[in-house]
Amino acid sequence: KVVQDEQSAAKTVAVVGGGLAGALVAVYLAKRGFKVDVYESRRDPRKEVASRGRSVNLALSVRGIESLRAVGAEGPVISLGIPMQARMIHSHSGSTTPIPYGKKGQYLLSVERQKLNKDLLSVAETFPGVGLHFEHKLIAADLENGHLSFKCRGSDDQKLDVDVDLVMGCDGAYSAVRRELMKRPRFDFSQEYIPHGYKELCLDATKDGEFAMAVNYLHIWPRQTFMLIALPNQDKSFTCTLFLPFDQFDKLRTKEDVLNFFQAEFPDFLSLMGEEKLVEEFFRNPTGPMVSIKCNPYHVLDKLLIIGDAAHAMVPFYGQGTNCAFEDCLVLDGLLEKHNNDLGIALAEYSRIRNKDAEAICDLAMYNYIEMRSLVTSPVFRMKKKLFNFLHWLMPKTFIPLYSMVSFSQIPYKTVIERSHWQEKIVKRAVVMSVLMAGIGGALTVLRILKKDMKLFEKKKFFSSLSFLEIFQRGI
Ligand SMILES: Cc1cc2nc3c(=O)[nH]c(=O)nc-3n(C[C@H](O)[C@H](O)[C@H](O)COP(=O)(O)OP(=O)(O)OC[C@H]3O[C@@H](n4cnc5c(N)ncnc54)[C@H](O)[C@@H]3O)c2cc1C
Ligand SMILES: COc1ccc2c(c1)CN(c1nc(C(=O)N(C)c3cc(Cl)c(F)cc3C(=O)O)c(Cl)s1)C2
């Protein structure tokens, strides 16, 4: 039921980008009575013939699911998403170790990206006054006046100019809307590419139509400075993602290079995938870069707001990008409710409160990327993890693992960091105390190693080759 009120009745909104953030924010704003037009540079994905083997998926956790639920759009995700109750760690030898995410009800949903995008676009279209315009690429914007120019792909590449009350920039990590924002004074911006790239590989169902591996798991092959992960799909395939430094991807030039690499590093995966299929997938699919982008503020007066990757692209090592983009919509809606759709006040407050949380998850994801290699086998790190797990067992409501607060709670990301620093401090004191009992000498050794540890963490760039496996086997 669309609530028509005086503030938003006549307000027109242009959503630039019809990806996951754009589609969901269109639903939120249409529900709030705005007249919404979505402009997406690609073709309507609902008219695309399903390209075989390109089903890319993502892990949705509670932040994303609750943001969908708030507008009644969680149905398709809950019914079609595949629950992943645990990680399944694949060692070099091919042995597998399940590590549950938490109690029974705590699981992630593996959701097909395209399907989710199509569903959300169709939900948006059910609202009166919502228009979807595909093959419209934003090429210029006068942000203070809500004036946008689009190039409409088609035979004669016409141009379309529109004037709106509000522009929502949802055009992803390489946002054209953000490029306009960057021309304005006092706009902060930073970006960092990491040395790793990623490549998706599709592991088909077996010949008799069954999943090739255990289905309700996020499969991980953690290796020194790279890893492979696999998430299940509805069609009983797995979408696997190889994370590897670009300079190592560059060395995999021939069929033999690829087969030798997988035989050496992921032998069990190679036998599941088959040599021909692996080589075909490997050379057909692109190797993508991963970038971390921060910027501030996210708004211009009562005229413009950027959300999703356009505002805060992050490396995917917490699986939170879409979850954060969906949570952006929930936060914005709460502020519009609080300020009775007064855009001037709501947008300014959005920038103020959301920026610190978005930058916190960008930092957490980058920390996870670094931590899983640099700290994981230091003896003190492992002792702290063991002690932390004991304290979590003893006081589950007081000591919550970092990944649980990120993926299984709606605690604001910044609060997650503050709380985990507090927990770290307590654990550190406990470590020192327990060692002091064991003699002053031991304490000095521990403190020396601790200091080295913290230096490692300070050096954000530090990158040594240590295994992922240990971080999981000792519980993260
Ligand atoms: C390897 C990998 C794994 C990931 N795994 C997860 C995961 O498990 N869980 C999770 O939550 N997140 C995950 N993410 C992050 C997630 O993919 C992004 O955070 C999410 O797609 C952001 O959505 P968005 O709508 O902001 O941007 P996008 O999805 O990039 O959508 C932007 C849209 O804008 C359109 N567009 C761009 N420029 C223009 C223009 N000039 N005019 C008009 N339209 C334009 C694009 O065509 C696109 O449709 C992963 C990312 C990567 C790289
Ligand atoms: C589709 O592509 C991708 C790519 C990366 C991810 C996802 C989907 C989903 N991701 C999740 N990460 C966590 C997490 O907290 N940690 C510490 C982990 C971090 C890494 Cl890198 C990992 F491989 C497992 C875990 C784990 O704990 O299972 C979740 Cl919880 S979900 C990462």
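Everything below is about the structure shown above.
Where do I start with the site of ligand 2 in this structure?
The full set close to ligand 2 counts 19 residues, and Arg-87, Tyr-101, Pro-316, Tyr-318 and Asn-368 are the nearest of them. Arg-87 places a side-chain nitrogen or oxygen 2.9 Å from an oxygen atom of ligand 2. Tyr-101 places a polar side-chain atom, nitrogen or oxygen, 2.7 Å from an oxygen atom of ligand 2. Compared with its free state, where it exposes 610 Å², ligand 2 has 95% of that area covered by protein. Put simply, the parts of the chain that give the shell around ligand 2 at least two residues each are β3 (57-60), β14 (217-222), β15 (227-232), α13 (343-374) and α15 (402-407).

Please clarify how the site of ligand 1 should be interpreted in this entry.
Around ligand 1 sit 28 residues, and of these Glu-40, Arg-42, Ala-59, Asp-309 and Thr-322 come closest. In this structure, Ser-41 approaches ligand 1 through a main-chain N or O atom, which is 3.2 Å from a nitrogen atom. One of the backbone N or O atoms of Gly-321 is found 3.4 Å from a nitrogen atom in ligand 1. Within the complex, the protein chains bury 84% of what would otherwise be the 1,000 Å² of accessible surface of ligand 1. Taken together, the residues of the shell around ligand 1 sort by class into 11 nonpolar, 11 polar and 6 charged.

Explain unusual backbone geometry to me, please; I cannot follow it from the model alone.
Leaving glycine aside, a negative phi is the common case for residues, and trans is the common case for peptide bonds. Residue Pro-297 is reached from Asn-296 by a cis peptide bond, and omega for that bond is 0°. In this fold, Pro-297 is placed in the loop between β17 (287-296) and β18 (299-300). The residue Arg-186 is not glycine, and still its phi comes out positive at about 60°. Positive phi is not limited to glycine here, since Asn-340 has a value of about 50°. Note on placement: Asn-340 falls in the loop between α12 (321-338) and α13.

What is the right way to read the pattern of salt bridges from this model?
When their charged atoms lie close together, side chains carrying opposite charge are able to pair. Evaluation of the coordinates by the stated rule reveals 24 salt bridges. With its nearest N and O atoms 2.7 Å apart, the salt bridge here joins Arg-32 to Asp-333. Separated by 301 residues along the polypeptide, Arg-32 in the loop between α2 (20-31) and β2 (35-40) and Asp-333 in helix α12 bring together distant segments of the chain. Linking Arg-184 and Glu-144 is a salt bridge whose minimum nitrogen-to-oxygen distance equals 2.8 Å. On the criterion of sequence distance, the pair formed by Arg-184 in the loop between α6 (176-181) and β13 (188-203) and Glu-144 in the loop between β9 (136-142) and β10 (147-152) is long-range, its members being 40 residues apart. For Glu-144, a relative accessible area of 38% gives the class partly exposed.

What should I look at first to understand a positive patch on the surface in this one?
Together, Lys-137, Lys-151, Arg-153 and Arg-179 make up a region of like positive charge exposed at the surface. Counting through the fold element by element, Lys-137 comes out in strand β9.

Hey, could you run me through the sheet that holds strand β6 (residues 96-100) in this one?
What holds strands together in a sheet is hydrogen bonding between their backbones, with the strands either parallel or antiparallel. The strand order β6-β5-β14-β15-β16-β13-β17 describes an open sheet built from 7 strands, whose pairing is mixed. A single partner strand is all that each edge strand has here, and the edge strands are β6 and β17. The average angle at which neighbouring strand axes cross in this sheet is 25°, direction not considered. In this structure, β13 lies alongside strand β16 (residues 238-245), joined through 8 bridges in antiparallel fashion. Considered in β16, the bridge of Leu-203 is made with Phe-238. On the sheet, helix α10 (residues 275-284) packs against β13 and β16 and is oriented at approximately 150° with respect to β13.

Each value, and the rule that gives it
Residues numbered from 1 in each chain as written. Chains lettered and ligands numbered in written order. Predicted model: local features only at pLDDT ≥ 70, side-chain atom pairs only at ≥ 80, totals over all residues. Heavy atoms only, no water. Near = heavy atom within 4 Å. Polar contact = N/O pair within 3.5 Å; in protein donor to acceptor, adjacent residues only side chain to side chain. Areas by Shrake-Rupley, 256 points an atom, 1.4 Å probe, with all protein chains shown as cover. Helix = DSSP H or I, 4+ residues; strand = E, 2+ residues; numbered from the N terminus. Nonpolar A, V, L, I, M, F, W, Y, C, P; charged D, E, K, R; others polar. Salt bridge = Lys/Arg side-chain N within 4 Å of Asp/Glu carboxyl O. Buried < 20%, exposed > 50% of the residue type's maximum accessible area, 1.4 Å probe, protein only. Patch = residues over 30% accessible without salt bridge, like charges linked within 9 Å, V, L, I, M, F, W, Y side chains within 5 Å. Lys, Arg positive; Asp, Glu negative; His and termini not counted. Charge placed at Lys NZ, Arg CZ, Asp CG, Glu CD. Pairing = 2+ DSSP bridges. Axes fitted to C-alpha atoms, helices over the stretch in contact; angles between N-to-C directions. Contact = heavy atoms within 4.5 Å.

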